[in-house]
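Geometric and topological summary
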Amino acid sequence: MALTRTVDLLLAGVEDGLHLGAQLYVSVDGRTVADAAVGNATTTSAMTSDTITVWMSLTKGITAVAVAQIWEKGQIEIDDPVGDHLPEFGARGKACLTFRHLLTHTAGIGPVDVAWSEASWEEIVAGICDARLREDWVPGRRARYDVANAWFVLAEVVLRKRGMAFDSYVHQEVFDPLEMPNCSLSMDLSTYEARKDRIGLMYNTAAETPEPSHYSVDLDRTIGKCVPGGSGRGPARELGRFYEMLLGKGRLDGKTILLPQTVEAITSRHRTGLKDEILGHVVDMGLGFYVNSNIYGKESVPYGFGRYASPRAFGNAGYQSSIAFVDPDASLVVVCIFNGTPGEDAHQIRNRETNSAVYEDLDLT
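A brief look at the structure comes next. (Residues numbered from 1 in each chain as written. Predicted model: local features only at pLDDT ≥ 70, side-chain atom pairs only at ≥ 80, totals over all residues. Heavy atoms only, no water.)

**Observations regarding the pattern of salt bridges**
All told, the structure shown has 19 salt bridges when counted by the stated rule. With a shortest N-O distance of 2.6 Å, Arg-160 and Glu-88 are connected by a salt bridge. One end of the pair, Arg-160, is in helix α5 (residues 149-162); the other, Glu-88, is in the loop between α2 (59-72) and α3 (99-103), and 72 residues separate them in sequence. You can call Arg-160 partly exposed: its relative accessible area is 40%. Across the salt bridge formed by Glu-299 and Arg-352, the nearest N and O atoms sit 3.4 Å from each other. (Salt bridge = Lys/Arg side-chain N within 4 Å of Asp/Glu carboxyl O. Helix = DSSP H or I, 4+ residues; strand = E, 2+ residues; numbered from the N terminus. Buried < 20%, exposed > 50% of the residue type's maximum accessible area, 1.4 Å probe, protein only.)

Here it is as structure tokens:
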């Protein structure tokens, strides 16, 4: 089944300079209906379905599932104070913060004094643990999208509970069982060299001339750095397997990585009716996932799933560039990754129109 209107929009975005290229993966009832690529992955290479694209904050869904796995094992409870499991995190007013607060972006961790690009994992975690709670912040009553802080803390707890580096844990417990061999949160040098020709870049297309964004520069030095809220990479089709697992309530091709009740729990509404101080809009959240927030304005909600998504739709988004979601009522999985950040307004229009076109092409409106 051809998604003609949707692909035409991807191509129009290339012509309009919103992105150099894009990947689109769509499935219904676990059956692939689109595995498409348009345009370029870099200024010198074509985008293909095998290109290893930049996920940015789509990575947060992976980390949320890793946390859910240790929750299932009884190693944490969602309403435990995080400091009970990571004692140094409880300092400077943060003793009250729970895993629920971190996963719903209501924790209010204050500014962190760390050189992000140069610091080691241990230095970053220590810096976050030393940060103060934001002034006048009431956890759970205010919302502020957390780009990185909470996700390092969550990953550090997984690391300590499971006794291995977080990126290694994700490979072993998420990517390997779901057969996502080209996906990673970091790459060692030999893997990077083997995949180098297939790695796509992210471009700042809001600039007069598209230029590689800070997510794409100096990969020889930064590709080995795991950022649990933003360093994921891989083909859209493989990330689609992760969301098909969630649609199948934790199972895919006979392999189970989460219990059905756990999937229900993390993809239900845990934060409702709060205006996000970063996103500038009321957005509902599950535990690490956006939940369809069209009730607050289907033409204005940022990083949404399009005009026709059902109330139960959930997923994740990457900064001005990507969306991945499940609509259980339509048995639909969509992953769309653009390699250009054209500015918030332009991206929100692009995102909304593309997701809506998927529904129109599939007669799901």
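**Focus on the sheet that holds strand β1 (residues 21-28)**
Strand order in the open sheet formed by 8 strands is β3-β2-β1-β16-β15-β14-β13-β12, and the pairing between neighbours is antiparallel. Each of the sheet's edge strands pairs with one partner strand only, and the pair in question is β3 (45-46) and β12 (284-285). By the bridge criterion, 2 bridges tie strand β2 (residues 31-42) to β3 in an arrangement that is antiparallel. What sits directly across from Asn-40, in β3, is Ala-46. Against the sheet, helix α1 (residues 4-15) makes contact with β1, β2 and β16 (332-338), and its axis sits at roughly 10° relative to β2, the strand it touches most. Here helix α11 (residues 344-361) sits on the sheet and contacts β1, β14 (314-318), β15 (322-327) and β16; the angle it forms with β16, its principal contact strand, is near 145°. (Pairing = 2+ DSSP bridges. Contact = heavy atoms within 4.5 Å. Axes fitted to C-alpha atoms, helices over the stretch in contact; angles between N-to-C directions.)

**Overview of the packing of α2 against α5**
Interhelical geometry of α2 versus α5 gives an angle of 40° and a closest axis separation of 10 Å. Considering the angle they form, α2 stands oblique to α5. For the element pair α2 and α5, the recorded crossing hand is left-handed. Every residue of α5 that contacts α2 at Lys-60, Thr-63, Ala-64, Ala-66, Val-67 and Ile-70 is listed here: Trp-151, Leu-154, Val-157, Val-158, Lys-161 and Arg-162. (Parallel < 35°, antiparallel > 145°, perpendicular 65-115°, else oblique. Left-handed = near helix turned anticlockwise from the far one by under 90°.)

**With respect to the pairing of β1**
Within β1, 8 of the 8 residues are buried, leaving the element largely enclosed by the surrounding structure. The alternating pattern of β1 places Gly-21, Gln-23, Tyr-25 and Ser-27 and Ala-22, Leu-24, Val-26 and Val-28 on opposite faces, both of which are buried. Sheet analysis places β1 next to β2, joined by 8 bridges and oriented antiparallel. For Ser-27, the partnering residue across the bridge sits in β2 and is Thr-32. If you look at the hairpin formed by β1 and β2, you'll find 2 residues sitting between the two strands, and Asp-29 has a positive phi there, around 55°. Bridge count between β1 and β16: 7 bridges; the pairing is antiparallel. The residue of β16 that forms the bridge with Val-28 is Leu-332.

**A short note on the layout of surface pockets**
What the largest pocket holds in volume is close to 1000 Å³. Met-56, Val-147, His-214, Tyr-215 and Gly-230 are the residues nearest the centre of the largest pocket, which is lined by 43 residues in total. Secondary-structure elements contributing two or more residues to the lining of the largest pocket are β4 (53-56), α8 (219-222), β7 (232-234), β14 and α11. Classifying every residue of the lining of the largest pocket gives 22 nonpolar, 15 polar and 6 charged. For the second largest pocket, the calculated volume is near 240 Å³. Lining the second largest pocket are 19 residues, with Arg-134, Tyr-145, Asp-146, Val-147 and Asn-149 positioned closest to its centre. Along the lines of polarity and charge, the residues of the lining of the second largest pocket split into 10 nonpolar, 6 polar and 3 charged. (1 Å grid on protein atoms, 1.4 Å probe; cavity = no way out; pocket = protein on both sides within 12 Å on 5 of 7 lines; lining within 4 Å. Points joined across faces, edges and corners; volume = space filled by probe spheres on them. Nonpolar A, V, L, I, M, F, W, Y, C, P; charged D, E, K, R; others polar.)

**A look at the side chain of Asn-316**
Along the chain, Asn-316 falls in strand β14. A distance of 2.9 Å separates the side chain of Asn-316 from the backbone oxygen of Gly-288, its partner in a polar contact. Look past the residues within four positions of Asn-316 in its chain and what remains in contact with it is Ser-57, Leu-58, Lys-60, Gly-61, Tyr-243, Gly-288, Phe-289, Tyr-290, Ile-323 and Ala-324. (Polar contact = N/O pair within 3.5 Å; in protein donor to acceptor, adjacent residues only side chain to side chain.)

**Concerning the packing of aromatic side chains**
Counted according to the given criterion, the structure contains 9 aromatic pairs. Here the aromatic rings of Trp-55 and Phe-175 are separated by 6.2 Å at their centres, their planes lie at 80°, and the arrangement is edge-to-face. With Trp-55 in strand β4 and Phe-175 in helix α6 (residues 166-175), this pair connects stretches of sequence that are 120 residues apart. Both rings, one in Tyr-145 and one in Tyr-290, keep their centres 6.4 Å apart while their planes meet at 25°; by these two values the pair is stacked. (Phe/Tyr/Trp six-rings, centres within 6.5 Å; stacked < 30°, edge-to-face > 60°.)

**Examining the environment of Ala-126**
Within the element layout of this structure, Ala-126 appears in helix α4 (residues 121-129). Along the chain, Ala-126 and Val-153 lie 27 residues apart, while their C-alpha atoms are 9.5 Å from each other.

**Some points on the packing of α4 against α5**
Across the interface, α4 lies against α5 with an axial gap of 10 Å and an inter-helix angle of 115°. Crossing geometry of α4 relative to α5 is assigned as left-handed. Only Asn-149, Phe-152, Val-153, Ala-155, Glu-156 and Leu-159 of α5 make contact with α4, whose side of the interface consists of Trp-121, Ile-124, Val-125 and Ile-128.

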